[in-house]
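# Geometric and topological summary
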Amino acid sequence: MKTKPKSASKAKSAPAKRAQSKSSTDAITLLKTDHKEATAMFRQYEAGKDKLSDARKTKIAGDICDALTVHMKIEEELFYPAVAEEVDGAEDLLAEAKVEHNSCKRLIDDVTGGSPGSDEYDANVKVLGEYISHHVDEEETELFPKVRKSGMDLKSLGAEMLARKNDKADMIFGGALAG
Ligand SMILES: [Fe+2]
Ligand SMILES: [Fe+2]
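Quick caveat: nothing in here was measured; it's all calculated off a predicted structure.

### Details of the side chain of Glu-139
Looking at the secondary structure, you find Glu-139 in helix H4 (residues 119-150). Filtering out sequence-adjacent residues up to four positions away, Glu-139 remains in contact with His-35, His-71, Glu-75, Tyr-80, His-101, Phe-144 and Pro-145.

Structure representation (C-alpha cells):
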C-alpha cells in the first residue's frame, strides 16, 4: 500500500550525460552570441538615428536595454558566481565587471526613462554602446580566456544560463520588468 510520492525525480544533482536536446550550450559561447547581437543592435541604432522615427528609435533602444538587462542578470546570477568559485585569480576582473554593469544599468535607466526627441537620448544610447563595447572587450579578451583555461564545466553552466535567460526574457518581454 505504497503511496507514490508526487514526483520522485527531485532533480539529480549529477550532471546529465545526455546532450541537451540538440547541441550542448557552452556558457561562453552563449555570452559571446549575446555580445554580438547587442553590438549589431547598437550599430543599427547608430546608422539610422538621424532618419528613424521616434517610435522606431524607442523600439530599437528598448530592445537593446531589455537584451542587456537579461544578459547582465544571467552573468551576475550564474556566470560570475560560478567563475568566482572555480577560477583562481579572477576576483579583480569580476569586481571590475560588476562596477561596469552598474554604470551600464544607470545609462539603461536614462535611456528607458528618456524621450527620443531629446538631444540626450541619442547621446545616452551612444555612450551606453561605448561602455558595453569596452566591457565586452574586457570579458572576451581577459575574463573568458581565463575561464576557458581553468577547465570548469561550461556545458552544464551554459544549459542553466540558457534556461534562466529564457525565463528572464519571458519576464521582460511579457512586460513585467521591474528595474
Ligand atoms: Fe558583463
Ligand atoms: Fe557579457
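### Considerations on the packing of helix H2 (residues 54-86) against H4
In helix packing, the relevant descriptors are the interaxial angle and the interaxial distance, both defined with respect to the helix axes. It is at 12 Å that the axes of H2 and H4 come closest, and there the two elements cross at 30 degrees. Relative to H4, the element H2 lies roughly parallel. As for how H2 packs across H4, the hand of that crossing is left-handed. On the side of H2, the interface is formed by Lys-57, Thr-58, Ala-61, Cys-65, Leu-68, His-71, Glu-75, Phe-79, Tyr-80 and Val-83, while H4 contributes Tyr-121, Asp-122, Val-125, Leu-128, Ile-132, His-135, Glu-139, Leu-143, Phe-144 and Val-147. When grouped by side-chain class, the residues that make up the contact of H2 with H4 number 13 nonpolar, three polar and four charged.

### Side note on empty space enclosed by the protein
Counted according to the given criterion, the structure contains two cavities of 30 Å³ or more. By volume, the largest cavity is sized at about 70 Å³. For the largest cavity, the full set of lining residues is Asp-34, His-35, Ala-38, Leu-68, His-71, Met-72, Glu-75, His-101, Ile-132, His-135 and Val-136. Contributing elements (two or more residues each) for the lining of the largest cavity: helix H1 (27-48), H2 and H4. A total of four residues in the lining of the largest cavity trace back to one element, the largest contributor, which is H2. In this structure, the second largest cavity occupies an estimated 50 Å³ of space. As for the second largest cavity, its lining consists of Leu-93, Glu-96, Ala-97, Glu-100, His-135, Glu-138, Glu-139 and Leu-143.

### Quick word on the coordination of the iron ion (ligand 1)
Within the protein, the iron ion (ligand 1) binds to Glu-75 (OE), Tyr-80 (OH), His-101 (NE2), His-135 (NE2) and Glu-139 (OE); these donor distances fall in the range 2.0 to 2.3 Å. Along the chain, the residues donating to the iron ion (ligand 1) fall in the pattern E-x4-Y-x20-H-x33-H-x3-E. Separating the iron ion (ligand 1) from the iron ion (ligand 2) is a gap of 3.3 Å, bridged by Glu-75, which donates to each. Taken together, the positions of Glu-75 in helix H2 and His-135 in helix H4 put the pair 60 residues apart, joining distant regions of the chain. The pair formed by Glu-75 and His-135 is uniform in burial state, with each residue classed as buried.

The rules behind the values
- Within every chain, residues take consecutive numbers counted from 1 along the sequence as written.
- Lettering of chains starts at A and numbering of ligands starts at 1, both following the order in which they are written.
- It should be noted that, the model being predicted, local features are given only for residues of pLDDT at least 70 and side-chain atom pairs only at 80 or more, the latter also being counted only at that level, while totals for whole chains, interfaces and linings use all residues.
- As a rule here, side-chain values come from all non-hydrogen atoms in the structure, and water together with hydrogens is ignored.
- Elements are defined by DSSP. Helices are runs of H or I of four residues or more, strands are runs of E of two residues or more, and each kind is numbered from the N terminus.
- Two residues form a contact once any of their heavy atoms are found within 4.5 Å.
- Note on geometry: axes are C-alpha line fits, over the in-contact stretch for helices, and angles between N-to-C directions span 0 to 180 degrees.
- Angles are sorted into four bins: roughly parallel if under 35 degrees, roughly antiparallel if over 145, roughly perpendicular if 65 to 115, and oblique for all others.
- Crossings are classed by handedness, with left-handed meaning an anticlockwise turn of the near helix from the far one by less than a right angle and right-handed meaning a clockwise turn.
- Gly is put with the polar residues, along with every residue not named as nonpolar or charged; the nonpolar set is Ala, Val, Leu, Ile, Met, Phe, Trp, Tyr, Cys and Pro, and the charged set is Asp, Glu, Lys and Arg.
- Grid spacing is 1 Å over the protein atoms alone, the probe is 1.4 Å, and a cavity is where that probe fits but cannot get out, while a pocket is an open set with protein on both sides within 12 Å along at least five of seven lines and lining residues have an atom within 4 Å of a point.
- Grid points are joined across faces, edges and corners, and a volume is the space filled by probe spheres set on the points.
- Counted as donors are the N, O and S atoms within 2.8 Å of the metal, or 3.2 Å for Na, K and Ca, while water is not among the atoms, so some sites may look incomplete.
- Three labels apply to residues, based on accessible area from a 1.4 Å probe with only protein chains included: buried if under 20% of the type maximum, exposed if over 50%, partly exposed otherwise in between.

Purely geometric numbers; function is a separate question.
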